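Okay, here's what each chain looks like letter by letter:
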Amino acid sequence: MNLSIISLLKNFDESCINSYESLYSQSSNEFEHIVIYKELSHDKLNYLKKKFYMSKFILENENKYKNKFFALNQAVKIANGKYVMVLHSDDIICNKKLISEINNFQNDETDFITTGVKIINREKKVIRKWMFSENKDHFGFSDIPPHTGFVYKKNLHEVYGLYSLNFPIASDFDFMLKFFSDHKATKNYKIINSYSIEMSFGGDSTKLKNLLTVFFE
């Protein structure tokens, strides 16, 4: 598999079921799905393993756990794919051909692939659309694509390190900022010009009260 998709399972609920179903209903099953979980009963785990039989379920190392990025790093270390994508357990893939399109873009020259994200509220209304812009000679602070919908070469972690445990909310942004602010690094990329993922408003990265925290981190 060239693509490893990582999900952090915090709560067993309808949202995670819908998220994983949106992945399993893709036109292509050429992916590896790693689910990192912390607290899950035996019955619930067996239910998920049976329903989503292609997924690899990994119990977090609770003795060393610090924040969600520790769990994400666990998954990155064992990922077999050349590319990594994070699909949070309340995110929905709404483009049936997304995985196929990602796989078609993968090659030795492509550093990352990105697609548009729609942020929706509890009433399923779109409150923001986020699409990465094309043809950039330089990347600025505001030009970084959304981490949700960002597919990148795993070997970027060899250059810029794993997700830092010092930033409980903004570590994903920190990792991407290291890459995008490196003017010596090549940044060959492909854009899937559709809003392929629906991201629920209210997560760590979208809560209004966390925006100031993210800024200071």
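Trainee: I'd love a proper account of the overall build of the protein, names of residues and values included.
Mentor: In terms of regular secondary structure, the protein is built from 7 helices and 9 strands. In the protein, which comprises 217 residues, the share counted as buried stands at 46%. Across the protein, contacts joining residues at least 24 apart in sequence account for 76% of those joining residues at least 6 apart. Surface accessibility of the protein: about 11,600 Å² in total, with carbon and sulfur atoms responsible for 49%.

Trainee: Go over the nonpolar core with me, naming the residues and quoting the values.
Mentor: The biggest cluster of nonpolar side chains holds 26 residues, and the ones touching the most others in it are Ile6, Leu72, Phe112, Tyr152, Tyr163, Phe175 and Phe180. Ranked by residues supplied to this core, first place goes to helix H3 (residues 68-78) with 5 residues. Sequence-distant contacts of Tyr163, defined by excluding residues within four places in its chain, comprise Phe69, Leu72, Asn73, Val76, His147, Tyr152, His157, Ser171, Asp172 and Phe175. One finds Tyr83, Ile113, Ile192 and Ile197 within the second-largest nonpolar core, a separate group that totals 18 residues.

Trainee: Can you lay out the confidence of the model for the protein for me, pointing to particular residues and giving the numbers?
Mentor: Scored by pLDDT, the protein has a mean of 87; 87% of the residues are at 70 or more. Between the elements of the protein, mean pLDDT differs from a low of 57, seen in helix H7 (residues 208-216), to a high of 97, seen in strand E4 (residues 83-86).

Trainee: Outline helix H4 (residues 98-105), supporting the account with residue identities and numerical values.
Mentor: All of the buried residues along H4 are Leu98, Ile99, Ile102 and Asn103. All buried residues of H4 fall inside an arc of 130 degrees around its axis, so they share one side.

Trainee: Describe the pairing of strand E3 (residues 55-59), with residues and values.
Mentor: Note on strand geometry: in a regular strand, side chains alternate between the two faces of the sheet. By the bridge criterion, 5 bridges tie strand E2 (residues 32-37) to E3 in an arrangement that is parallel. Of the residues in E3, the one forming a bridge with Ile34 is Lys56. For the segment spanning E2, helix H2 (residues 42-51) and E3, crossover handedness is right-handed.

Trainee: Go over the environment of Ser7, please, and point to the residues and values.
Mentor: In this structure, Ser7 sits in strand E1 (residues 3-9). Considering only alpha carbons, one finds Ser7 and Ser89, 82 residues apart in sequence, at a separation of 5.9 Å. The residues touching Ser7, leaving out its near neighbours within four places in the chain, are Tyr20, His33, Ile34, Val35, Ile36, Leu87 and Ser89. Polar contacts involving the side chain of Ser7 include one to the side chain of His33, which spans 2.9 Å.

Cut-offs and rules
Residues numbered from 1 in each chain as written. Predicted model: local features only at pLDDT ≥ 70, side-chain atom pairs only at ≥ 80, totals over all residues. Heavy atoms only, no water. Helix = DSSP H or I, 4+ residues; strand = E, 2+ residues; numbered from the N terminus. Buried < 20%, exposed > 50% of the residue type's maximum accessible area, 1.4 Å probe, protein only. Contact = heavy atoms within 4.5 Å. Areas by Shrake-Rupley, 256 points an atom, 1.4 Å probe, with all protein chains shown as cover. Core = buried A, V, L, I, M, F, W, Y, C linked by side-chain atoms within 4.5 Å. pLDDT = per-residue confidence, 0-100. Arc of directions from axis to C-beta. Pairing = 2+ DSSP bridges. Right-handed = clockwise from strand over helix to strand, strands pointing away. Polar contact = N/O pair within 3.5 Å; in protein donor to acceptor, adjacent residues only side chain to side chain.

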